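What the coordinates show
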Amino acid sequence: MNRETEALTMMADAAAEIAPEIPFRSRRSSLAVLTALLRNPLSAIPPEAFSEKLVLARVAGRDSLYICDPALIQEALLRNADALGKGDTMRRVLGPAVGQGLLTADGAHWRWQRRAVAAGFQHDSLTSFLPAMIAAAEATRDSWLGKAGPLDIGQEMMRTTFAIIVETMLSGSGDFDAGKVEGAITDYLEPSNFMFAYSLLRTPEWLPYPGRRRALSSVAYLRETLGAIVAKRRASGEHRNDLVDMLLASADPESGRAMSDAEIVDNLLTFVTAGHETTALGLAWTFHLLSRHRAVEDAVLAEIEAVTGGDALKPEQVMALPLTRAVFQEAMRLYPPVPVITRQVEDAFQLGGVTLNKGMVLYVPIQAVHRHERLWDLPDRFEPARFLGEAARLRHRYAYLPFGAGPRICIGSAFATMEAVAILAVLLRAIRLEPLTQEPPEPTLKITLRPKRPLLMTATAR
Ligand code: HEM
C-alpha cells in the first residue's frame, strides 16, 4: 500500500468511528438460516459479513446484528461492555456443562471469578508452566516416532494440550481417564448445532434432538469426575498453588462467601474445555497449513535451529521464536478456533447510528473479520509476515481478535500462545508431517472451528 492510499485508509477508518452506518440487511429467510445452522453453523454467517461493516438479520422473529468492522467491534465489546451479556443462547448451549463459570457468567459474579484466577495467568506463573508444556510436546514427539500408521492430527493435539491443562491447572491430578474425559467433551459439543437452532426458535429445554441423551450423560460424567477432585482436595487440606487452590481460597468481595463445590466445578470444567480444545485446533490447522507451504516451514525450521543450536528446546527460548509465533497467529487468522462471539444487549445503546435494543443478539464473526475484504490484502492467502514488524503495528487492534476483545478477552491467550510455540518448536524440528490427501479440509463449527473430517497425516523423522 503506498503512502497516499494508506492516508486515505486511515481517514476512512477514522470517519467510520463517527459516521453512521447503513447496515446491510440480510435477505436470507429464517428457514434458510436454520437449515444452514443444522448442516454447518459456519454457513449461517451471512456472506456479506466478509465485505460489509454491519449486517442486520432477522431470524425467527428476532433481530441480530453482525459487527464486522474493527472500530465498531471496539465500540461494542469495549466501550459498551457493561450493556452486554453473554445471552440466553450461550447459556442454553454451555450452561448445562459449565453453569455460571467464568466463560458464561455476567456482571458481579463474572468479575469476582475473573479476579479470583487472574494471578494464575500473569507472566511469572505462565513461564513456570513452560517445562510441563515442553515435556508434553516431547512425549507426543516420542509417540509419533514409534508409530507407523497415519495420525489424526486434531486428536493428537487434543491429547497433548489436555495433558498440559491437567498438569498445569489441576497439578496433574489425573486420577481420571483422559481419553474418556476428552470423548465426553466431544460428545457434549456434537449436537451443539441443534442447541443453537432450538435456542433461536425458543423451543422448550426438554425437546429432544439427536445426541441429547449422550450429551447429558457426558456432562454428568465430567461434572462428577471434576467434583471428585475438588472433594478430595478439600478433605486433604493439601495446598498445591494451582487453579483448584485459587478457586477454593476465593471469596466474593460483596458477600464474603466462598465458592461452592458446584461453582468450582463450573470453573474447572470451563478451564479444562476452553483451555485445551481451542489451542489444539489452532495447532492442527497450523500443521495443515505448513504441510501445504513448505517454504514457510523451512524458514520456521531455520529459526528453531538458530535459537536452539540443535539442542533440546529450553523454556527461555520459547519467547525468542517470532516467526514460529507468527505462523500460529496467521493460522488462527485463517482458522480462528473460536470463529464467532455472541452477546445479548441488556441495556439499549447506539452503534454506528443503529439503535441496539434490549434483547437484540450481536455476533462478532471473527472468521469473517479475519478474512474481510476491506481489512486484508489477499485475505485467503497464508502469509505469516502479516504478524511481523510494521504490518502488525499499523493494523487496527480489533481487526485481529482470535482471543476476543474487551474485558471478556480470553484469560488464557498468553498461556495458549506460549504453549503453541513450544509444541510447534519441539515437533516441527523432529518430524515431517505429510497429509494423506490433497483435498482441502472443510471447517465446521461446533462452538469451535473443527475440521469436518479428521486431518490425517503420516509422520517421518527428520
Ligand atoms: C488458541 C487458544 C484459544 C483461543 C482461540 C481462545 C479464544 C477465546 C475467546 C474468543 C474468548 C472470548 C469469548 C467471548 O468473548 O465470548 C475466550 C474466553 C476464555 N478463554 Fe480462551 N481461548 C484459547 C485458549 C484458552 C486457554 C489456554 C484457556 C485457559 C487456560 C482459556 C480460557 C478461557 C476462559 C476462562 C475464557 C472466559 C474469560 C472471561 O469471560 O472472563 N482459553 N477464549
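Read on for an overview of the structure. Source: prediction; values computed, not measured.

With respect to protein ligation, the iron atom of the ligand binds only C410 (SG), at 2.3 Å. Among the structural elements, C410 can be located in the loop between α17 (389–394) and α18 (413–430).

Strand order in the open sheet formed by six strands is β1-β2-β3-β9-β6-β4, and the pairing between neighbours is mixed. Edge strands, defined here as strands with exactly one partner in the open sheet, are β1 (24–25) and β4 (84–85). Of the pairings in the sheet, the one linking strand β3 (residues 62–67) to strand β9 (residues 361–364) comprises three bridges and is parallel in character. Of the residues in β9, the one forming a bridge with S64 is V361. Those strands touched by helix α3 (residues 70–79) are β2 (54–59), β3, β4, β6 (341–345) and β9, and its axis lies near 120 degrees from that of β3.

On inspection of all chains with the given rule, the structure shows 29 salt bridges. One salt bridge connects D266 with R223, and the closest N-O pair in it is separated by 2.8 Å. Here D266 is found in helix α12 (residues 261–274), whereas its partner R223 is found in helix α10 (residues 212–236), with 43 residues between them in sequence. Given the relative accessible area of 22%, R223 is considered partly exposed. Where R257 meets E263, a salt bridge forms, and the shortest distance between an N and an O atom there is 2.8 Å. A residue is classified by how much of its surface remains accessible, and R257, at 36% relative accessible area, is partly exposed.

Pairing between the strands of a sheet is mediated by backbone hydrogen bonds and can be parallel or antiparallel. The strand order across the open sheet built from three strands is β5-β13-β10, with neighbouring strands paired in antiparallel fashion. For this open sheet the edge positions go to β5 (151–152) and β10 (431–435), each flanked by a neighbour on one side alone. Bridge count for β10 against strand β13 (residues 456–461) is five bridges, and the pairing is antiparallel. Within β13, the residue paired with P435 across the bridge is M457. Taken strand by strand, helix α13 (residues 277–292) contacts β10 and β13, and its axis lies near 85 degrees from that of β10.

Each value, and the rule that gives it
- Residues numbered from 1 in each chain as written.
- Predicted model: local features only at pLDDT ≥ 70, side-chain atom pairs only at ≥ 80, totals over all residues.
- Heavy atoms only, no water.
- Donors = N, O, S within 2.8 Å, 3.2 Å for Na, K, Ca; no water.
- Helix = DSSP H or I, 4+ residues; strand = E, 2+ residues; numbered from the N terminus.
- Pairing = 2+ DSSP bridges.
- Contact = heavy atoms within 4.5 Å.
- Axes fitted to C-alpha atoms, helices over the stretch in contact; angles between N-to-C directions.
- Salt bridge = Lys/Arg side-chain N within 4 Å of Asp/Glu carboxyl O.
- Buried < 20%, exposed > 50% of the residue type's maximum accessible area, 1.4 Å probe, protein only.

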